[in-house]
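Remarks on the overall topology
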Amino acid sequence: MPELPEVETTVRRFRPLLEGRRIIAFRTRWQRHAVPSAPAVRRGVVGRTVARVSRRGKYIVLALDDGAHLLIHLRMSGRLEWAADHEKEPAHVRTLWEFDGGQRLLFSDARKFGRVVYTRDLAATTAGLGIEPLAREFTADAFDTLLRRRTRQLKPLLLDQSVVAGLGNIYVDEALFRARLHPLTRSDHLSAAQTASLHEHIRALLREAIRHHGTTFDWVYPSGGMQTRLRVYGRTGQPCPVCHTPIEYLRVGQRGTHICPRCQPANGAPRPKRGR
DNA sequence: TGAATTGTTATCGT
DNA sequence: AACGATAACAATTC
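As the structure is a computational prediction, the values presented were derived from the model and not from experiment. (Residues numbered from 1 in each chain as written. Chains lettered and ligands numbered in written order. Predicted model: local features only at pLDDT ≥ 70, side-chain atom pairs only at ≥ 80, totals over all residues. Heavy atoms only, no water.)

Considering the protein's contact with DNA strand C
Put simply, the rule reads: Working definition: residue near molecule or strand if any one of its non-hydrogen atoms lies within 4 Å of it. In the analysis that follows, any N or O atom pair within 3.5 Å is treated as a polar contact, provided that within protein one partner can donate a hydrogen and the other can accept it, and provided that, for residues neighboring in sequence, both atoms belong to side chains. Residues are grouped as follows: nonpolar covers Ala, Val, Leu, Ile, Met, Phe, Trp, Tyr, Cys and Pro; charged covers Asp, Glu, Lys and Arg; every other residue, Gly included, is treated as polar.
Not every one of the 13 residues close to DNA strand C is listed here, only the nearest: Trp30, Ala110, Lys112, Phe113 and Arg150. Protein-adjacent atoms of DNA strand C, using a 4 Å cutoff, are sugar or phosphate at a proportion of 69%. Arg111 is positioned such that a nitrogen or oxygen atom in its backbone is 3.1 Å from a sugar or linking oxygen of DNA strand C. Measuring from a phosphate oxygen of DNA strand C, one finds a side-chain N or O atom of Lys112 at 3.0 Å. Per-class residue counts for the surface near DNA strand C are 4 nonpolar, 3 polar and 6 charged.

Let's talk about the sheet that holds strand β7 (residues 93-99)
The criterion, for reference: Following DSSP output, two strands are said to pair if at least two bridges run between them. To qualify as a helix, a DSSP run of H or I must reach at least 4 residues; to qualify as a strand, a run of E must reach at least 2; elements of each kind are numbered from the N terminus. Axis definition: a line fit to C-alpha positions, over the contact stretch in the case of helices; interaxial angles, taken between N-to-C directions, run 0 to 180 degrees. Note on contacts: a residue pair qualifies if any of its non-hydrogen atoms lie within 4.5 Å across the two residues.
The strand order across the open sheet built from 4 strands is β1-β7-β8-β6, with neighbouring strands paired in antiparallel fashion. Each edge of the open sheet is held by one strand with a lone partner, namely β1 (23-28) and β6 (78-84). Within the sheet, the average angular offset between the axes of one strand and its neighbour, ignoring direction, is 15°. Judged from the 5 bridges that link them, β1 and β7 form a sheet pairing that is antiparallel. Looking at the pairing, Thr28 lines up with Thr95 of β7. The strands touched by helix α1 (residues 4-18) are β6, β7 and β8 (103-109); relative to β6, the strand with the most contacts, the crossing angle is about 30°.

Focus on the domain arrangement of chain A
Inclusion rule: Domains are outlined according to an automatic or database domain assignment. Buried area, as used here, totals the accessible surface that two parts lose on assembly, with accessibility defined by a 1.4 Å probe and the loss added over both. Here, a salt bridge means any Lys or Arg side-chain nitrogen found within 4 Å of an Asp or Glu carboxyl oxygen.
According to the domain assignment, chain A contains domain 1 (4-125) and domain 2 (140-274). With 16 residues of domain 1 in contact, the opposing surface of domain 2 contributes 16 residues. Both sides of the domain 1 and domain 2 interface together cover about 1300 Å² of buried area, and 63% of this is carbon and sulfur. Across the domain 1-domain 2 interface, the total number found is 0 salt bridges. Scanning the region where domain 1 abuts domain 2 turns up 3 residue pairs in polar contact (both at pLDDT 80 or more). Counting residues per element, the ones that place at least two in the side of domain 1 that touches domain 2 are α1 and β6. Per element, the largest residue contribution to the side of domain 1 that touches domain 2 is 7 residues, and it comes from α1. Here the residues of the side of domain 1 that touches domain 2 sort into 4 nonpolar, 5 polar and 7 charged.

Remarks on unusual backbone geometry
Excluding glycine, residues mostly have negative phi values, and the peptide bonds linking residues are mostly trans. Going by this rule: The rule is simple: take the accessible area with a 1.4 Å probe, protein chains only, and divide by the maximum for that residue type; under 20% is buried, over 50% is exposed, in between is partly exposed.
In this structure, Pro36 follows Val35 across a cis peptide bond, with omega equal to 5°. Looking at the element boundaries, Pro36 is found in the loop between β2 (34-35) and α2 (38-45). In this model, His92 sits at a positive phi of 65°, which is unusual for a non-glycine residue. Mapped onto the elements of the fold, His92 is located in the loop between β6 and β7. In this structure His92 comes out as partly exposed when scored by relative accessible area, which is 39%.

Re the pairing of β7
Along β7, 7 of the 7 residues are buried, which leaves the element largely enclosed by surrounding structure. Two elements, β7 and β8, share 5 bridges in a ladder whose sense is antiparallel. By the bridge assignment, Val93 is partnered in β8 with Ser108. Linkage of β7 to β8, two consecutive antiparallel strands, is achieved through a turn of 3 residues, within which Gly101 is found at a positive phi near 100°.

Next up, the structure:
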C-alpha cells in the first residue's frame with residue numbers, strides 16, 4: 001500500500017541509480033502492466049536515457065531524454081528492486097528494464113494491480129490528479145476553499161486522487177486523528193480553524209513519514225520506520241495514545257477506518273440524550 | 001475456503 | 001450536467 005511517503009522514498013532511492021542511464025531492453029510478463037500496450041512502451045523507452053526521476057501523487061515519473069515520460073504506479077503490492085543481472089530475482093517480478101552496464105530495474109507486483117504508463121504528453125496524462133499536498137500552492141486557504149466547495153464526507157474526499165494527490169488509507173486515518181476530525185464529517189461543515197488544522201496536520205504527517213522512509217506493514221514495502229509512529233491505523237482495540245479510549249474500527253466507503261471515538265466525535269451528529 | 005486488502009473506474013441516482 | 005455515493009474490479013495472501 002505505497003502512498004505518497006513510500007513513493008517519495010522509492011523515488012529518492014532510485015533517482016541516483018536511474019538518472020543518466022540508458023534503457024537497452026524492456027520486458028513484461030504481465031501484459032496489462034503496460035499502458036497503452038507492451039509494444040508501445042517498449043518502442044518508447046528502449047534506447048532512451050532516463051533524464052530525471054520525480055513523483056506526482058502516487059506515480060513515480062521517469063522523464064526520458066526525448067521529452068516523453070514513463071509513469072510507474074505501484075498500487076497495492078508493487079515494489080521496485082535494483083539488481084545486477086547475475087543476482088537471483090525476487091518473487092513476482094512482472095516487468096523489468098535492462099540498463100547499459102548490465103543492471104536491471106525490477107517491478108515486483110504480487111497482485112498485478114500496478115501500471116507502467118508511457119506518454120508523450122505528461123500534462124494530459126496527469127491532468128486528473130489533484131493538488132500536491134507538499135507543494136507551495138497547497139496553502140491553508142486553498143485547502144479551505146477546496147473543502148468548502150464540496151459536500152462530501154471527509155475521508156472519501158481525502159482519498160480522492162483528483163482532489164489531493166497522494167493520500168491513501170493509512171495517512172488519511174492518521175491525519176484525521178491528529179486533526180481530531182471524524183471521517184464522516186461533511187467537508188463543508190468544518191470551521192476555518194478545523195480546515196487549517198487538517199491542512200497543517202496533513203503536511204506535518206507526510207513530512208514525518210518521508211523522514212522515516214514510510215510505513216512498513218508486510219512484505220510489500222520493507223525498511224520503513226513510520227509504522228511505530230502511527231496512532232490509530234492498525235491499532236484497533238488498543239488504547240488511544242491521547243485519551244486511552246480503545247481505538248474503533250469502522251467502514252467508511254468500503255474502506256477500513258480507524259478512529260478514536262473520544263478524540264474524533266461525530267461532527268453534527270445528534271448527541272446522545274442524557275438520562276432523566 | 002473465502003474474507004480482506006486498495007486505488008481506480010464504471011455506474012447509478014439526485 | 002455535475003456531483004456524490006456505491007459497486008465492481010484487478011489478483012493474491014493467510
